[in-house]
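# Observations on the three-dimensional arrangement
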Amino acid sequence: MNNAIEITGLSKKYDGFKLENINIVLPKGYIMGFIGENGAGKTTVIKAMTGLIRYDSGDIKLFGESFKNIGAAVRENIGVVMDDYGLPPEADTKDINKIMKGIYSTWNSRAFFRYTEKFGLPQNKRIKSYSTGMKRKLSIAVALSHNSRLLILDEATSGLDPVARDELLDILREFIQDEDNSVFISSHILSDLEKVCDYITLIHEGRIVFSDEKDELLASYAIARCTVKTFENINKSAVVAFRRTEFGIEALVKRQMVNEALITDNATVEDIMVMMIKEEKR
Amino acid sequence: MKGLLIKDFINLRQQLKIYIIIIILWFFISLWNGQPGFFSGIMVMFAVMIPMTAVAYDDSCGWNVFAVTSPLSRKKIILSKYLIMLISIVVSAVIACAGSMVLGESLEESIFLSAVLFPFGIIMGAVLMPVIFKFGVEKGRFAFIAVVAAAIAVISFVGPKLPDLFGEGAFFNAVISMSRWSWLAFLTGFMAVLGCISFFLSVRIYGKKEF
């Protein structure tokens, strides 16, 4: 069993939106960043993966086991943090510990309190008085305090200040040190994902645009900023997307296919995503 | 599932304090009214309000999204709500019995009066729970008010007359061999079956729900 997540041909139809033939593979021991515009389908895929919604066709396997057969034991190994889930408003951290002890058979109280202390979460305040960032940190502490082998995080970094986000990335790096652990994280903060992910998957309008190793992605693409004349001389099949700027043309090109003489800059994941999507829209 | 019951209790803590004050208030109203049946009627209402409030808390804070992704099966999640309802009914029945005795009824009458709560509490819960799981707590509240009004009317009116009805009344000639306690036991058993049907219906509704 080498893959933490294996999604094949996943499809789901809503009024006005559909997921089409989603294929994603996350090998065990790696971090995959899941990116896309708002409404592209990220949360829908994640909800299908975690049993929150049903899907029309396709197969989802977690740890090699088909989702339909996943029982409580496997769920002990999955830690989920979602944007719209919440913990009981009247509880404080001690209460949460009691509650989770009665839900997870692998619950580790010591680890939980270690995380709450590390995140600076107050001990005797009720959750209803927590800020968004604090609620998010608490959810993450919960996800890390049972025998999680797979963390699924949907927009887990939104609402966190830069320092907290950096702390979270450190935690993910620490988590992934164990080869058996994997992370699937969706986020709009692409610079974060670029720092920490091994794989990047882009979804747009319900379809997967690419799902590649991050290093390969960054090596394959480059940004060419040039005059219109120079641009016209570039091999057209090398150009993935382009836009007009004040100074000429900014183009996303495939490195291997352009003339070595052409001056290019490194493309970031954000460059790749934004330009590809804008090109699709033209 | 123990975790779920702990969670509901923690959420309901504050509300319970308010309910206790209201119960004391109603008790004195019943005392002034001279109607122990009135007090029992209110206790039925509370018995059903408590699981409804528990579901409302879950819905409003997004707990279900977490619970469904945890090792808890959807069936266990529903079971915990029905358990809370059952616990509420039992506790309400005990309070109603004690209250009734203080209000002047004999022990046997008090026990019988509060035992009548069981069928009414279960039937209300059995009807309301699937409605709440399907349509949400807000719509459930309308259904709740309708059922409570009916329940209070029946209990307040019929309550004090129960000893007579169960006595030599012609209505019960057909089951004349059954004492009023047997009849009540039969009714409670029937309601328990209804409760089970309601449970399986709720499990089905919740099982299909998308979050």
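Heads up: the structure comes first, above all this text.
Keep in mind the model is a prediction, meaning the values are calculated, not measured. (Residues numbered from 1 in each chain as written. Chains lettered and ligands numbered in written order. Predicted model: local features only at pLDDT ≥ 70, side-chain atom pairs only at ≥ 80, totals over all residues. Heavy atoms only, no water.)

With that settled, consider empty space enclosed by the protein. All names here are of chain B. Inspection of every chain in the model, using the stated rule, returns four cavities of 30 Å³ or more. In this structure, the largest cavity encloses a volume near 80 Å³. Lining the largest cavity are Val55, Asp58, Asp59, Asn64, Ile77, Ile78, Lys81, Ile132, Phe133, Tyr206 and Lys209. Counting residues per element, the ones that place at least two in the lining of the largest cavity are helix 2 (36-61), helix 4 (74-102) and helix 6 (117-135). Of the residues belonging to the lining of the largest cavity, the class tally is six nonpolar, one polar and four charged. (1 Å grid on protein atoms, 1.4 Å probe; cavity = no way out; pocket = protein on both sides within 12 Å on 5 of 7 lines; lining within 4 Å. Points joined across faces, edges and corners; volume = space filled by probe spheres on them. Helix = DSSP H or I, 4+ residues; strand = E, 2+ residues; numbered from the N terminus. Nonpolar A, V, L, I, M, F, W, Y, C, P; charged D, E, K, R; others polar.)

Attention now goes to the nonpolar core. Membership of the largest hydrophobic core comes to 141 residues, with the highest contact counts inside it found for A:Met49, A:Met100, A:Phe184 and B:Trp63. No other element matches the 14 residues that helix 2 of chain B contributes to this core. Each of domain 1 (3-205) and domain 2 (217-277) of chain A accounts for three or more of the residues forming this core. Residues in contact with A:Phe184, not counting those within four places in the same chain, are A:Ile5, A:Ile24, A:Leu26, A:Met32, A:Phe34, A:Ile46, A:Met49, A:Leu150, A:Leu151, A:Ile152 and A:Leu153. (Core = buried A, V, L, I, M, F, W, Y, C linked by side-chain atoms within 4.5 Å. Buried < 20%, exposed > 50% of the residue type's maximum accessible area, 1.4 Å probe, protein only. Domains from an automatic or database assignment. Contact = heavy atoms within 4.5 Å.)

Residues and elements named next belong to chain A. Listed as buried for helix 4 (residues 109-118) are Ala111, Phe112, Tyr115 and Thr116. The buried residues of helix 4 occupy one face: seen down the axis, they fall within an arc of 135°. Helix 4 presents Arg110, Arg114 and Glu117 as exposed residues on the side facing more than 90 degrees away from its buried surface. Buried residues along helix 4 sit in contact with helix 3 (93-101) and helix 5 (132-144). Residue asparagine 108 occupies the N-cap position of helix 4, its side-chain oxygen lying 3.2 Å from the main-chain nitrogen of arginine 110. (Arc of directions from axis to C-beta. Polar contact = N/O pair within 3.5 Å; in protein donor to acceptor, adjacent residues only side chain to side chain.)

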